[in-house]
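Summary of structural features
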Amino acid sequence: MNKSFWQSGHTPTLLASFFYFDLSFMVWYLLGPLAVLMATDLSLTAQERGLMVATPTLAGALLRIVFGVLVDKIGPKRSGLIAQVIVIAALAAAWLIGVNSFEQALLLGLFLGVAGAAFAIALPLASRWYPPEHQGTALGIAGAGNSGTVFAALFAPALALAYGWQNVFGLALIPLCVAFVVFLVAAKDAPDAPAPKTFAQYLAVLSDPDAWWFMLFYCLTFGGFIGLASSLPGYFHDQFGMGPVHAGYATAACVLAGSMMRPMGGVLADRIGGIKSLLSVYGIAALAIVGASMAGGAASTIALFIVAMLALGAGNGSVFQLVPQRFAREIGVMTGVIGMAGGVGGFLLAAGLGVVKQHTGDYRMGLVLFAALLLSGWIGLSKVKSRWRTTWGSSELTSARV
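This structure is a prediction, so every number in the text was calculated from the model and none was measured.

Notes on the environment of Ala 269
In this structure, Ala 269 sits in helix α14 (residues 244-272). On the basis of relative accessibility, which here comes to 0%, the residue Ala 269 falls in the buried class. Expressed as a C-alpha distance, the spacing of Ala 269 and Val 319, which sit 50 residues apart in the sequence, is 8.7 Å. Residues in contact with Ala 269, not counting those within four places in the same chain, are Gly 274, Ser 277, Ser 318, Gln 321 and Arg 401.

Written out as structure tokens, the structure reads:
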């Protein structure tokens, strides 16, 4: 990593953003690793289980818009503190009152969606401190907080078996409270934050076709990452008969790969350009997903899902190497809008795989359709790359490689 990176920006804020984002992702994704045990106790069908794990993803996606606007209005630090208080209160209520029905599980999922909105807070908080040539690295590090999904996949099933899945909600409060204090002390809003925009200006951003292209690209990369992360515990349980703990370990291996590749994807995009990096991502991920849908054994399937998650993780970093170059003055709202698209993608993938499983008996058709969508992303990016490189991405307008 370039030494000049650490000499620019504000390292305490960057690390506080990562920590807050990491633990927010842990609880945002918490229902996924607990899904097998919760579905058994609450007598849920495969379709209901899929909807339960997808609900926090959809809620988080929509709330990213709300918190994206709030970031521009009151700043990312105060927005982050508000979001953390809501999530802590919801988990405390679930722990003390209990979750005893499908409807209550969905209600908890809605509140856990606030944790998913951390994306629209942590990334602008870090991004505003760094110059264009370091945006990919800074956002890659802050965005690596999605590694919190690994902690949930690794520890939640074992803790649930030891203490009961209801008590996992109470145990999650311990690290969340630590993160709240760290965020309160270390995070700091950048001094040159853009002025708040009117509602009409927010809508004007959406009239730009590039905004929709970025939403599509992130819908595929992040949606693929979080959608698979939510679905894989149930997938490994259904396809290979794994218990909750072993399904959690297998999922953790896949999620760890994708999480670790996010900052590396940002660094790679800084060096070779986000477009070139993203084109490779779509091709590799599509091939790996198709391979996983056809593989017969657990080991080969896990290995192919790891490859897919590596590619999707790199893609997440690559998309957000490009976004600040194109929408530097609208980074707050654009982070929310693009992040929403990513969450919607994750909801559709997780819920869709549950529907496919319910009606066909396995997941193959859903995985093949997702691979086809990844290829559509490759085609779309190929269509716009020349225009991007000769307009806002030209060397005359930015020092970053596009």
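Overview of the environment of Leu 110
Looking at the secondary structure, you find Leu 110 in helix α6 (residues 102-116). Residue class for Leu 110 comes out partly exposed when judged on its relative accessible area of 47%. Leu 110 sits 58 residues away from Met 52 along the chain, and the two C-alpha atoms are 9.8 Å apart.

A short note on the domain arrangement of the chain
With domains assigned, the chain is organised as domain 1 (12-189) and domain 2 (197-389). Using C-alpha coordinates to define each centre, domain 1 is positioned 18 Å away from domain 2. On the domain 2 side, the residues contacting the 52 residues of domain 1 number 52 residues. Looking only at domain 1, the three residues that lose the most surface to domain 2 are Tyr 29, Val 36 and Phe 119, adding up to 12% of its buried area. The interface formed by domain 1 and domain 2 includes one salt bridge. Between Arg 49 and Asp 238 there is a salt bridge, with the nearest N and O atoms lying 2.6 Å from each other. Remark: the boundary between domain 1 and domain 2 carries seven residue pairs in polar contact (both at pLDDT 80 or more). At the level of elements, α2 (11-28), α3 (35-42), α4 (46-74), α7 (119-127), α8 (135-143) and α9 (148-163) are the ones that each hand at least two residues to the side of domain 1 that touches domain 2. Sort the elements by how many residues they give to the side of domain 1 that touches domain 2 and α4 lands first, with 18 residues.

What about the pattern of salt bridges?
Enumeration over the complete set of coordinates arrives at five salt bridges. Residue Arg 128 is joined to Asp 72 by a salt bridge in which the shortest nitrogen-to-oxygen separation is 2.9 Å. Separated by 56 residues along the polypeptide, Arg 128 in the loop between α7 and α8 and Asp 72 in helix α4 bring together distant segments of the chain. One exposure class covers both Arg 128 and Asp 72, and it is buried.

Rules used throughout
Residues numbered from 1 in each chain as written. Predicted model: local features only at pLDDT ≥ 70, side-chain atom pairs only at ≥ 80, totals over all residues. Heavy atoms only, no water. Helix = DSSP H or I, 4+ residues; strand = E, 2+ residues; numbered from the N terminus. Buried < 20%, exposed > 50% of the residue type's maximum accessible area, 1.4 Å probe, protein only. Contact = heavy atoms within 4.5 Å. Domains from an automatic or database assignment. Buried area = accessible area lost by both parts, 1.4 Å probe. Salt bridge = Lys/Arg side-chain N within 4 Å of Asp/Glu carboxyl O. Polar contact = N/O pair within 3.5 Å; in protein donor to acceptor, adjacent residues only side chain to side chain.

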